[in-house]
Amino acid sequence: MLSASFAFPRVNNQDQMKYRTLGRTSLNVSVLGFGASPLGDVFGITDPKEGERAVQLAVDRGINFFDVSPYYGLTLAEERLGCALRGKRQKILLATKCGRYGVEEFDFSRNRVREGLEESLRRLKTDYVDLLQAHDVEFGDVNQIIGETIPEMRRLQQEGKARFIGITGYPLNVLRRIAEAVEVDTILSYCRYNLVTTDMDAVLTPFARERQIGMMNASPMMMGILTVQGPAAWHPAPPQVRELALKAAILCNRCGVSLSLIALHFCLRHAYVSSTLTGMSTAEEVEKNLSALCLQIDESQLEEIRAILAPVFNTVWPSGRPENRD
Ligand code: NAD
């Protein structure tokens, strides 16, 4: 149980954004990044006007890094982000993805990667992205990704359509295997460094740091698990993870603190990750999450929360082709 003395986190008003260079790229990204998957109604229906307000507020408050994919809402998130970013493109750094186009629809071939980026650029109303990432590489043939996908992405970079290229996925070893075999500028890992699971630091971080590969940590709230409202029905985590996270969220709520903000703050303190990407689609969420930048947490209280979650520490679930799983 959280102690009765569990204090309100102190938040001051100077939530000024900080920026970090993403590995060897020249991208100076905000430590809090805007994950645009909720704009594609991935977690529930989003009001497009409210989504635009969220993007506007984020830009005004110094969030300069936006991550999206044609997969999110089957192109809806890119469409909506493209509209919301009208007139703001030069103020921000934009990342999208290629290779994943549906729940079961993957195509990492040379032609599809090229066509996919052209389609994304049209939806995003721009003629280049700052970062193009091969999306969820564990669902692809690793040899194809190394020998065909990444080389084609490099050609797109040479043509000026993407400033840098990277890979994303859930299993850690396959991300590392690919980055060992072929040069990538960035790696985005999700749900592997948060209040429940920290194995990203055992497998990926030392390697990425040594090679100066830029790292992004996505899903600090474990795709909605570490929120009081809980995750969407499709969430792959085992039931015990959901149950204990809900228990922690309710206890935090009773004590006047937000588990989500503590979870985000925990990730923002990471020493190597350049940007922590959280999914947002309302101005209220943006406002709240900005406050995590200057949250002050008593370490013993953080440990109390982690103790609640300890029975499910480092729980992972299968993702991708059997040969690519951890
Ligand atoms: P997340 O863990 O932060 O979860 C987002 C969920 O939490 C949404 O339902 C959102 O409404 C809710 N939320 C956000 N702030 C909240 C708050 N203060 N209080 C309560 N609830 C809050 O992040 P995510 O969306 O899973 O991931 C963030 C982004 O990272 C994605 O949008 C995407 O851009 C990227 N991502 C990429 C991959 C990949 O490439 N394979 C995988 C996962 C995420």
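Okay, so let's go over this structure. Bear in mind the structure is a predicted one, so any value in this text is a computation, not a measurement.

## Examining the site of the ligand
Here is step 1 of the chain: With respect to spatial proximity, 29 residues lie near the ligand, and among them Ser37, Asp67, Asp136, Thr278 and Glu285 are the closest.
Here is step 2 of the chain: Residue Asp136 places a side-chain N or O atom 2.6 Å away from a nitrogen atom belonging to the ligand.
Here is step 3 of the chain: One of the backbone N or O atoms of Gly224 is found 3.4 Å from an oxygen atom in the ligand.
Here is step 4 of the chain: Listed by contribution, the elements that provide at least two residues to the shell around the ligand are strand S9 (186-190), helix H9 (259-268), strand S11 (275-279) and helix H10 (283-291).
Here is step 5 of the chain: The greatest single-element share of the shell around the ligand, amounting to 3 residues, is contributed by S11.

## Some details on helix H8 (residues 239-254)
Here is step 1 of the chain: With 16 residues, H8 should reach 22 Å at 1.5 Å per residue; the first-to-last C-alpha distance of 23 Å fits that figure.
Here is step 2 of the chain: Restricting attention to buried positions, one finds in H8 the residues Val241, Leu244, Ala245, Ala248, Ala249, Leu251 and Cys252. An end-on view of H8 places all buried positions within 165° of arc, on one side of the element. The exposed residues of H8 that point more than 90 degrees off its buried face are Pro239, Glu243 and Arg254.

## Quick word on the pattern of salt bridges
Here is step 1 of the chain: Applying the stated criterion to the full structure yields 24 salt bridges.
Here is step 2 of the chain: The partner of Lys161 in a salt bridge is Glu159, and the shortest N-O contact between them spans 3.8 Å.
Here is step 3 of the chain: A relative accessible area of 42% means that Glu159 is categorised as partly exposed.
Here is step 4 of the chain: For the salt bridge of Glu180 with Arg176, the shortest nitrogen-to-oxygen distance reads 3.1 Å. Residue Glu180 and its partner Arg176 are located together in helix H5 (residues 172-181), separated by 4 residues, close to a single helical turn.
Here is step 5 of the chain: Exposure remark for Glu180: the relative accessible area of 39% places this residue in the partly exposed category.
Here is step 6 of the chain: In this structure, a network of salt bridges that share partners links the residues Arg110, Arg114, Glu118, Glu152, Arg155, Glu159 and Lys161.

## A few points about the pairing of strand S6 (residues 93-98)
Here is step 1 of the chain: In terms of burial, S6 is largely enclosed, as 6 of its 6 residues are buried.
Here is step 2 of the chain: Across 3 bridges, strand S5 (residues 65-67) lies against S6 in parallel orientation. The residue of S6 that forms the bridge with Asp67 is Ala95.
Here is step 3 of the chain: Once the chain exits S6 it traverses helix H3 (residues 110-124) before rejoining the sheet at strand S7 (residues 129-134), and the crossover so formed is right-handed.

Analysis parameters
Residues numbered from 1 in each chain as written. Predicted model: local features only at pLDDT ≥ 70, side-chain atom pairs only at ≥ 80, totals over all residues. Heavy atoms only, no water. Near = heavy atom within 4 Å. Polar contact = N/O pair within 3.5 Å; in protein donor to acceptor, adjacent residues only side chain to side chain. Helix = DSSP H or I, 4+ residues; strand = E, 2+ residues; numbered from the N terminus. Expected span 1.5 Å × (residues − 1). Buried < 20%, exposed > 50% of the residue type's maximum accessible area, 1.4 Å probe, protein only. Arc of directions from axis to C-beta. Salt bridge = Lys/Arg side-chain N within 4 Å of Asp/Glu carboxyl O. Pairing = 2+ DSSP bridges. Right-handed = clockwise from strand over helix to strand, strands pointing away.

Read these as spatial facts, not as claims about activity.
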